[in-house]
Amino acid sequence: MRALMSAPLPSPSISVAPNQGKLLYMLARMIGARSVLEIGTLGAYSTIWFARALPTGGRVITLEAEAKHGEVARRNLARAGLSSVVDLRLGLALETLPKVAAEKLGPFDIIFIDADKANTTAYFEWALKLSHIGSLIIVDNVVRDGAVADPKTADASVKGMRRFFDRLAAERRVEATAIQTVGSKGYDGFAIARVIAD
Ligand code: SAH
Ligand code: DHB
Ligand code: MG
């Protein structure tokens, strides 16, 4: 992550892999999603998959901390003809999420969590607040080559995911599973939670 922050341009290497992007698109189509909230934009690769899944009038709000990534994302969105579908908000997500809530931009049909992994549980709390019954809350990078199954891990991101799974397992307002994926970017996975109660 530190290397990414100091790079002159964001690396596309941490975007979701193409088969995972298509899975996000298919999930959005399957539930007829009209609104998506994404936490962690990078170059807007996953954002574009979601935006292309929405019907006319659909909207993606995507949150990104790094201005440089935001610039690249805006360029990619313009090139894809999706600038009017996607609302990109710069800032730390824990600061922009309260604004999204205060502006009453939700609830969202899908919330995709893919930013700093240590804050995943905090983002999940916001996702619950900004959802309705039937919403999907999808979290990226929950497998990490199987590292998530190691209780002795020293990796702060993996520890964050383990805390998130404990929180998820205890949450009666959702039903959830994790789906492991393998693709051009190796072995990882999504957690998928469906909101079933207020
Ligand atoms: N969803 C993208 C990849 C996102 S990579 C895709 O699949 O195409 C993770 C992104 O989260 C990076 O761009 C990083 O700058 C951003 N990020 C990290 N911490 C953040 C925070 N606290 N708030 C908002 N964005 C953050
Ligand atoms: C990495 C991959 C991701 O999908 C992400 O959101 C953050 C980091 C990585 O491979 O380091
Ligand atoms: Mg990711």
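The shown structure was predicted, so the numbers you read here are calculated from the model rather than taken from an experiment.

Engineer: I tried to follow the overall build of the chain on my own but got confused; where do I start?
Structural biologist: Looking only at helices and strands, the chain features seven helices and seven strands. Going from the N terminus to the C terminus, the chain shows its helices and strands as α-α-β-α-β-α-β-α-β-α-β-α-β-β. For 198 residues, the compact-globule formula gives about 16 Å, and the C-alpha radius of gyration of the chain, at 16 Å, lands near that figure. Each principal axis of the C-alpha distribution contributes one length, and for the chain these read about 45 × 40 × 30 Å. Counting the 198 residues in the chain, one finds 47% classified as buried. Total accessible area on the chain is roughly 9,800 Å²; 56% of this is exposed by carbon and sulfur atoms. Of the side chains in the chain, 25 bear a positive and 20 a negative charge, and the two mean positions are spaced by 3 Å.

Engineer: When you look at the nonpolar core in this model, what are you seeing that I'm missing?
Structural biologist: Leu-37, Ile-39, Leu-63, Leu-97, Ile-113, Phe-124 and Ile-137 are the most contacted members of the largest nonpolar core, which totals 29 residues. Only strand 1 (35-39), strand 2 (59-64), helix 5 (93-102), strand 4 (110-113), helix 6 (120-129), strand 5 (136-140), helix 7 (156-169) and strand 7 (186-195) provide two or more residues apiece to this core. The element that contributes the greatest number of residues to this core is helix 6, accounting for five residues. The residues touching Ile-39, leaving out its near neighbours within four places in the chain, are Leu-63, Ala-93, Leu-97, Phe-112, Ile-113, Asp-114, Ala-115 and Tyr-123. Membership of the second largest hydrophobic core comes to 25 residues, among which are Val-16, Ala-44, Leu-136 and Ile-138.

Engineer: What should I look at first to understand the site of ligand 1 in this one?
Structural biologist: Among the 21 residues in the neighbourhood of ligand 1, the closest are listed as Val-16, Gly-40, Ser-46, Glu-64 and Asp-114. Contacts to ligand 1 include Val-16, whose backbone N or O atom sits 2.8 Å from an oxygen atom. Contact between ligand 1 and Asp-114: a nitrogen atom at 2.8 Å from a side-chain N or O atom of the residue. Partitioning the shell around ligand 1 into residue classes produces 10 nonpolar, six polar and five charged.

Reading the values: rules and limits
For every chain, the first residue of the written sequence is number 1, and numbering continues from 1 along that sequence. All chains are assigned letters beginning with A, and all ligands numbers beginning with 1, in the order in which they are written. The predicted nature of this model means local features are confined to residues of pLDDT at least 70 and side-chain atom pairs, given and counted, to a pLDDT of 80 or more, with totals for whole chains, interfaces and linings taken over all residues. Values shown for side chains rest on all heavy atoms present in the structure; no hydrogens or waters enter the calculation. Helix and strand definitions follow DSSP, with helices as H or I runs of at least four residues and strands as E runs of at least two, each counted in order from the N terminus. Restricting the calculation to C-alpha atoms gives the radius of gyration, and the globule rule supplies 2.2 Å times the number of residues raised to the power 0.38. Buried means the residue's accessible area, taken with a 1.4 Å probe over protein chains only, is under 20% of the maximum for its type, while exposed means over 50%, and partly exposed covers the values in between. A 1.4 Å probe and the Shrake-Rupley method give the accessible areas. Residues count as covered only by the protein chains that appear here. Two residue types count as positive, namely Lys and Arg, and two as negative, namely Asp and Glu; His and chain ends fall outside the count. Where a charge lies is defined by one atom per residue type, namely NZ (Lys), CZ (Arg), CG (Asp) and CD (Glu). Put simply, a nonpolar core is a bunch of buried Ala, Val, Leu, Ile, Met, Phe, Trp, Tyr and Cys residues held in one set by side-chain atoms that sit within 4.5 Å of each other. For this analysis, residues touch if any pair of their heavy atoms sits within 4.5 Å. Residues are counted as near a molecule or strand when any one of their heavy atoms sits within 4 Å of it. N or O atoms closer than or at 3.5 Å make up a polar contact, with two conditions inside protein: a donor-capable atom paired with an acceptor-capable one, and, for residues adjacent in sequence, both atoms drawn from side chains. Residues are sorted three ways: Asp, Glu, Lys and Arg are charged, Ala, Val, Leu, Ile, Met, Phe, Trp, Tyr, Cys and Pro are nonpolar, and all the rest, Gly among them, are polar.

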